[in-house]
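Structural features, examined
One letter stands for each residue in the lines below.
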Amino acid sequence: MLELIAFDADDTLWHSEILYVNSQERILEILSPYSEKELTRQELYRAELPNLSIYGYGIKGFALSMIEAAIRLSDSKIRGSEVEQIIDLAKDMMKAPVRLLEGAAEAVEALSNSYPLMLITKGDLFDQERKITQSGLAAYFKHIEIVSEKTVDVYRSVLAKHGVDPSGFLMIGNSPRSDILPVIELGARAVLIPYHTTWVHEAADAVGEAPMNCIELEHIGLLPAFIEQLAQDSQVGAR
Ligand SMILES: [Mg+2]
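Residues numbered from 1 in each chain as written. Predicted model: local features only at pLDDT ≥ 70, side-chain atom pairs only at ≥ 80, totals over all residues. Heavy atoms only, no water.

Turning next to the overall build of the protein. Within the protein one finds 10 helices and 6 strands. For the protein, the C-alpha radius of gyration of 19 Å lies close to 18 Å, the compact-globule estimate for 239 residues. Based on the C-alpha atoms only, the size of the protein along its principal axes is roughly 70 × 35 × 30 Å. A sequence separation of at least 24 residues applies to 72% of the contacts in the protein between residues at least 6 apart. Summed over its atoms, the accessible surface of the protein is roughly 12100 Å², and 54% of this surface lies on carbon and sulfur atoms. Distance from the positive charge centre (21 side chains) to the negative charge centre (36 side chains) of the protein: 5 Å. (Helix = DSSP H or I, 4+ residues; strand = E, 2+ residues; numbered from the N terminus. Rg over C-alpha atoms; globule rule 2.2 N^0.38 Å. Contact = heavy atoms within 4.5 Å. Areas by Shrake-Rupley, 256 points an atom, 1.4 Å probe, with all protein chains shown as cover. Lys, Arg positive; Asp, Glu negative; His and termini not counted. Charge placed at Lys NZ, Arg CZ, Asp CG, Glu CD.)

Next comes the structure, spelled out in structure tokens:
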């Protein structure tokens, strides 16, 4: 029996990673007088990773990491006006209108008629709250959780808080590392809906074969029919 269905937000309900990809392409241009593009790309990622445990996830930490990499790649010769361009890119990202994935609103609305829904997203509180409000989807969710990390322990405490057993929990998301593997480890079920581009960090722990209790769907429009089938199957199993 499904007691609670939870959705990831970034790149599951609305576009996010594409903003980072586009900004990074612009930063490669800004830094091109100092460094060759492929080297810059690697250095940008290398600068971000250790900073996740300092800044957490989100655009502000991304911008600081990009500036740090720019200083290193330019051997401290980066100009103030070039740093300003990086800051402006980050501000544009923070102000970018929320663009829902095709079929996301319809799927959430349809499922909210039959199940309690939860939104669980990680990252910068201020930015996530803005996006949730702008998405127009907030009213469909019974619970909204903004967390710093999506680990097994975090999912366990969120479920305990709402009094839901893992066997009745289904998580839907685009990231194997954050949305699928910890949930499976907890004994719950998960639906992976890949986004067309995944940040290397989020894909890092992806396993070759889909684990038990996890199914992959091509797009979110297929979700309501899949869940209806799942509910029917479990009713048959209970007889
Ligand atoms: Mg996501």
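Next comes the rest of the description.
Here we take up the side chain of Glu145. By secondary structure assignment, the location of Glu145 is in strand S3 (residues 143-147). At 2.8 Å, the side chain of Glu145 and the side chain of His162 are in polar contact. The residues touching Glu145, leaving out its near neighbours within four places in the chain, are Met118, Leu119, Ile120, Thr121, Val158, Lys161 and His162. (Polar contact = N/O pair within 3.5 Å; in protein donor to acceptor, adjacent residues only side chain to side chain.)

Of note, Ser53 is situated in helix H2 (residues 37-55). Taking relative accessible area as the criterion, Ser53 reaches 69% and is therefore assigned exposed. Placed 80 residues apart in sequence, Ser53 and Thr133 show a C-alpha to C-alpha distance of 27 Å. A distance of 3.1 Å separates the side chain of Ser53 from the backbone oxygen of Pro50, its partner in a polar contact. (Buried < 20%, exposed > 50% of the residue type's maximum accessible area, 1.4 Å probe, protein only.)

Now for the environment of Met93. As for its placement among the helices and strands, Met93 is situated in helix H4 (residues 80-95). Spatially, the C-alpha atoms of Met93 and Ala69 are 19 Å apart, while their sequence positions differ by 24 residues. Each residue touching Met93, except ones within four places of it in the same chain, is listed here: Leu19, Tyr20, Ser23, Ile59, Phe62 and Arg130.

This paragraph deals with helix H3 (residues 59-73). For H3, built from 15 residues, the straight-helix expectation of 21 Å at 1.5 Å per residue is met to within 8% by its first-to-last C-alpha distance of 21 Å. Within the sequence span of H3, burial applies to Ile59, Gly61, Phe62, Ala63, Ser65, Met66, Ile67, Ala69, Ala70 and Leu73. The inward-facing, buried residues of H3 contact helix H1 (17-30), H2, H4 and helix H6 (125-135). Immediately downstream of H3, the backbone of Asp75 shows phi near 55 degrees, a positive value. (Expected span 1.5 Å × (residues − 1).)

What follows deals with the pattern of salt bridges. For the structure shown, the criterion picks out 15 salt bridges. Measuring nitrogen to oxygen at the nearest pair gives 3.3 Å for the salt bridge that ties Glu38 to Arg41. Taken together, the residues span about one helical turn, with Glu38 and Arg41 both in helix H2 at a distance of 3 residues. Residue classification places Arg41 among the partly exposed positions, given a relative accessible area of 32%. Counted as one network, the salt bridges with shared partners bring together Asp10, Asp127, Arg130 and Lys131. (Salt bridge = Lys/Arg side-chain N within 4 Å of Asp/Glu carboxyl O.)

Attention now moves to the side chain of Ser175. Take Ser175: it is sitting in the loop between strand S4 (169-173) and helix H8 (176-185). Taking relative accessible area as the criterion, Ser175 reaches 4% and is therefore assigned buried. In terms of polar contacts, Ser175 uses its side chain to reach the backbone amide nitrogen of Ser178, at 3.0 Å.

The next subject is the coordination of the magnesium ion. Taken together, the protein donors to the magnesium ion comprise Asp8 (OD), Asp10 (O) and Asn174 (OD1), at separations of 2.2 Å. In the primary sequence, the donor residues of the magnesium ion line up as D-x1-D-x163-N. With a gap of 166 residues between them, Asp8 in the loop between strand S1 (4-7) and H1 and Asn174 in the loop between S4 and H8 connect regions that are remote in the sequence. (Donors = N, O, S within 2.8 Å, 3.2 Å for Na, K, Ca; no water.)

Within the open sheet, the 6 strands sit side by side as S3-S2-S1-S4-S5-S6. Their pairing is parallel. Either end of the sheet is taken by a strand with one partner, and the two such strands are S3 and strand S6 (214-216). Here the strands of the sheet are splayed against their neighbours by 20 degrees on average, with no regard to which way each runs. When strand S2 (residues 117-122) meets S3, the two strands line up parallel, connected through 5 bridges. Opposite Ile120, over in S3, you have Glu145 as the bridge partner. (Pairing = 2+ DSSP bridges. Axes fitted to C-alpha atoms, helices over the stretch in contact; angles between N-to-C directions.)

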